[in-house]
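As a plain string of letters, each chain reads:
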Amino acid sequence: MSREQLVEMTRSLVAHGAADTMEYADEVVRIPASAYTDDALFDLEKRQIFRRLPLMVAPSCELPEPGDYKAMDICGVPLLLTRLKDGSVGAFLNMCKHRGNPLAEGTGNATRLMCGYHGWTYKNDGTLIGVADPKDFGAIDKAAHCLTRFPVYESAGLIWATLDPKSELDIADYLCGYDGLLDAFGFENWHLFSQRTLAGPNWKTAYDGYLDFYHLPILHKDTFGADFYNRANYFAFGPHQRLSTPSKFAIKVSGDDDQQMDLEAMSDDELPYEVLVQGVWTIFPHISIASFYGGGLRGAMISQLFPGNRVGESYTTQYYVMAEKPEDEDSIKAAHEQFDFLEIVVRDEDYKTGKRQHEALQSGLLDEVLFGRNERGGQVFHQWVEKLTNASNAELKDIFAREMAQAAE
Ligand code: FES
Ligand SMILES: [Fe+2]
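Treat the numbers as computed from the prediction; the structure is a model and nothing was measured.

Peer 1: Would you take a moment to explain the nonpolar core for this structure?
Peer 2: General note: in soluble globular proteins, nonpolar side chains tend to be found buried as a group. Judged by nonpolar contacts, the single largest core of 97 residues is most densely connected at I283 and I289. Taken domain by domain, the makeup of this core includes at least three residues from each of domain 1 (2–53 + 183–408) and domain 2 (56–155). When residues no more than four places from it in sequence are discounted, the contact partners of I283 are M56, L158, W160, L175, Y178, L182, Y207, H240 and I289. Listed in part, the 15 residues of the second largest apolar core include A71, L80, L103 and Y122.

What follows is the structure, given as structure tokens:
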């Protein structure tokens, strides 16, 4: 099923490429500039979007072994992810039930975690197994003091968690079948090569850039090049969008000697998966996935964006994941060069521009910003942000039950 859908998308891209056309949005859309600068709206988005919707918190290959764990902070919520003995993932509030001290920091491997304050001990499935000096402490029901659990879902080699323990929104529904397509990457067998975190501008300013090819040959003329394509067609699955260039050609990467493939001349069965997943895959509200081939090896950069403490701040963790672990010195060096190049592109071009843009918007003298008919990704993204920010919990469930039913049709 997923291959059929991917082939269908590719055929549409090829047809548009052959005709030198693209799909346009119906109209130019205007967004109030205050959507990027308003402090109260920023706080509301953190609550209604980031603390209420499923977030892609880690690629599976970041926690490959039983006992692996990672602690992270998202919009003020301390999250602990663990890989359990049976291979499943646990997601917990990273706070000891004694007096709230975070149990773990950073990453590591441990099947039991002891709180560094008074020594209470938990299994990595959240069970409280030991109260330090229990006779002195006094009787409590241990079973009632296990770590608070968050809804968690692993699919397509990616891990989602919802930072609301009471959430009734099914994570699979939220994904609207999109994870079935992401599955084509085969991320569950990939390796985490490297990662880093970058500071960026307002989270929506930063995310706009991931949904936009229009800027590529201009802002990135010194890195990607001035003849880079600037058109994208968009495929939406609920709020999640893939963008890809309408073209009848694709590059077959084979080390030193890249070849052009004529996709029109290939049968559906001949289309390789690399071609079928071309472009940028965004996962609402904060992920972008794009393929790269440093040194001829297949890799992808997964960018994971979170709002910062203030309206003009965000931070992005870039994960460089690779289909095969590079083993020899040359491949390792080439993979580092590819990843370092992407740091420059994002930090010195996208985010530097985003920060200047944000400072200018803070003047309050521009009423609105525009998204053209060729920028449907940004239009759709902002519509979803507004809709989901304002939806009640019950409406949220209905919205995604409807989207999922449509996707299944
Ligand atoms: S806060 Fe964890 S043992 Fe006291
Ligand atoms: Fe960019």
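Right, picking up where we left off after that structure.
Peer 1: Could you clarify how one ought to interpret the coordination of the iron ion (ligand 2) in this entry?
Peer 2: The textbook angles at a metal center are 109.5 degrees for a tetrahedron of four donors and 90 or 180 degrees for an octahedron of six. Looking at the metal site, the iron ion (ligand 2) is ligated by H215 (NE2), H220 (NE2), D350 (OD) and D350 (OD), spaced 2.0 to 2.7 Å from it. Note that the iron ion (ligand 2) binds four donor atoms; their angles at the metal cover 53 to 155°, and the shape is irregular. In terms of primary sequence, the donors binding the iron ion (ligand 2) are separated according to H-x4-H-x129-D. On the criterion of sequence distance, the pair formed by H215 in the loop between helix 7 (203–210) and helix 8 (216–219) and D350 in helix 10 (residues 329–361) is long-range, its members being 135 residues apart.

Peer 1: Got a minute to help me understand a negative patch on the surface in this structure?
Peer 2: A cluster of acidic residues, E327, D328, E329 and D330, forms a negative patch at the surface. For D328, the position within the fold is in the loop between strand 20 (314–322) and helix 10. A relative accessible area of 41% means that D328 is categorised as partly exposed.

Peer 1: Help me understand the domain arrangement of the protein, please; the structure alone is not making it clear to me.
Peer 2: Interface size is commonly expressed as the accessible area that is lost once the parts come together. Structurally, the protein comprises domain 1 (2–53 + 183–408) and domain 2 (56–155). On the side of domain 2, 12 residues touch domain 1, which itself brings 17 residues to the contact. With both chains or domains summed, domain 1 and domain 2 bury close to 1,100 Å², and 67% of this area falls on carbon and sulfur atoms. For the interface between domain 1 and domain 2, the tally reads zero salt bridges. Between domain 1 and domain 2 we count seven residue pairs in polar contact (both at pLDDT 80 or more) in total. The set of elements that each furnish at least two residues to the side of domain 1 that touches domain 2 consists of helix 3 (39–50), strand 12 (191–200), strand 19 (299–307) and strand 20.

Peer 1: Can you walk me through the sheet that holds strand 2 (residues 54–59) in this structure?
Peer 2: Two modes of strand pairing occur in sheets, parallel and antiparallel, and in both the strands are linked by backbone hydrogen bonds. Spatial ordering of the open sheet is given by 2-11-10, a layout of three strands whose pairing is antiparallel. The strands lining the two open edges of the sheet, one partner per strand, are strand 2 and strand 10 (152–155). Averaged over all neighbouring strand pairs, the angle between strand axes comes to 30°, with direction disregarded. Where strand 2 and strand 11 (residues 158–162) come together, five bridges link them in antiparallel fashion. Bridging across to strand 11, P54 finds its partner in T162.

Peer 1: How should I be thinking about the packing of helix 7 against helix 10 in this particular structure?
Peer 2: Packed helices, taken two at a time, are described by their axes: the angle between them and the distance between them. At their nearest, the axes of helix 7 and helix 10 sit 9 Å apart, and the two run at 135° to each other. Taken together, the axis directions place helix 7 and helix 10 in an arrangement best described as oblique. As helix 7 packs across helix 10, the resulting crossing turns out to be right-handed. From helix 7, T205, A206 and Y210 reach across to helix 10, where they touch V346, Y351, G354, Q357 and H358. Of the residues contributing to the contact of helix 7 with helix 10, the split by class is four nonpolar, four polar and no charged.

Reading the values: rules and limits
- Residues numbered from 1 in each chain as written.
- Chains lettered and ligands numbered in written order.
- Predicted model: local features only at pLDDT ≥ 70, side-chain atom pairs only at ≥ 80, totals over all residues.
- Heavy atoms only, no water.
- Core = buried A, V, L, I, M, F, W, Y, C linked by side-chain atoms within 4.5 Å.
- Buried < 20%, exposed > 50% of the residue type's maximum accessible area, 1.4 Å probe, protein only.
- Domains from an automatic or database assignment.
- Contact = heavy atoms within 4.5 Å.
- Donors = N, O, S within 2.8 Å, 3.2 Å for Na, K, Ca; no water.
- Tetrahedral: all angles 85-135°; square planar, octahedral: opposite > 155°, others 65-115°.
- Helix = DSSP H or I, 4+ residues; strand = E, 2+ residues; numbered from the N terminus.
- Patch = residues over 30% accessible without salt bridge, like charges linked within 9 Å, V, L, I, M, F, W, Y side chains within 5 Å.
- Areas by Shrake-Rupley, 256 points an atom, 1.4 Å probe, with all protein chains shown as cover.
- Salt bridge = Lys/Arg side-chain N within 4 Å of Asp/Glu carboxyl O.
- Lys, Arg positive; Asp, Glu negative; His and termini not counted.
- Charge placed at Lys NZ, Arg CZ, Asp CG, Glu CD.
- Buried area = accessible area lost by both parts, 1.4 Å probe.
- Polar contact = N/O pair within 3.5 Å; in protein donor to acceptor, adjacent residues only side chain to side chain.
- Pairing = 2+ DSSP bridges.
- Axes fitted to C-alpha atoms, helices over the stretch in contact; angles between N-to-C directions.
- Parallel < 35°, antiparallel > 145°, perpendicular 65-115°, else oblique.
- Left-handed = near helix turned anticlockwise from the far one by under 90°.
- Nonpolar A, V, L, I, M, F, W, Y, C, P; charged D, E, K, R; others polar.

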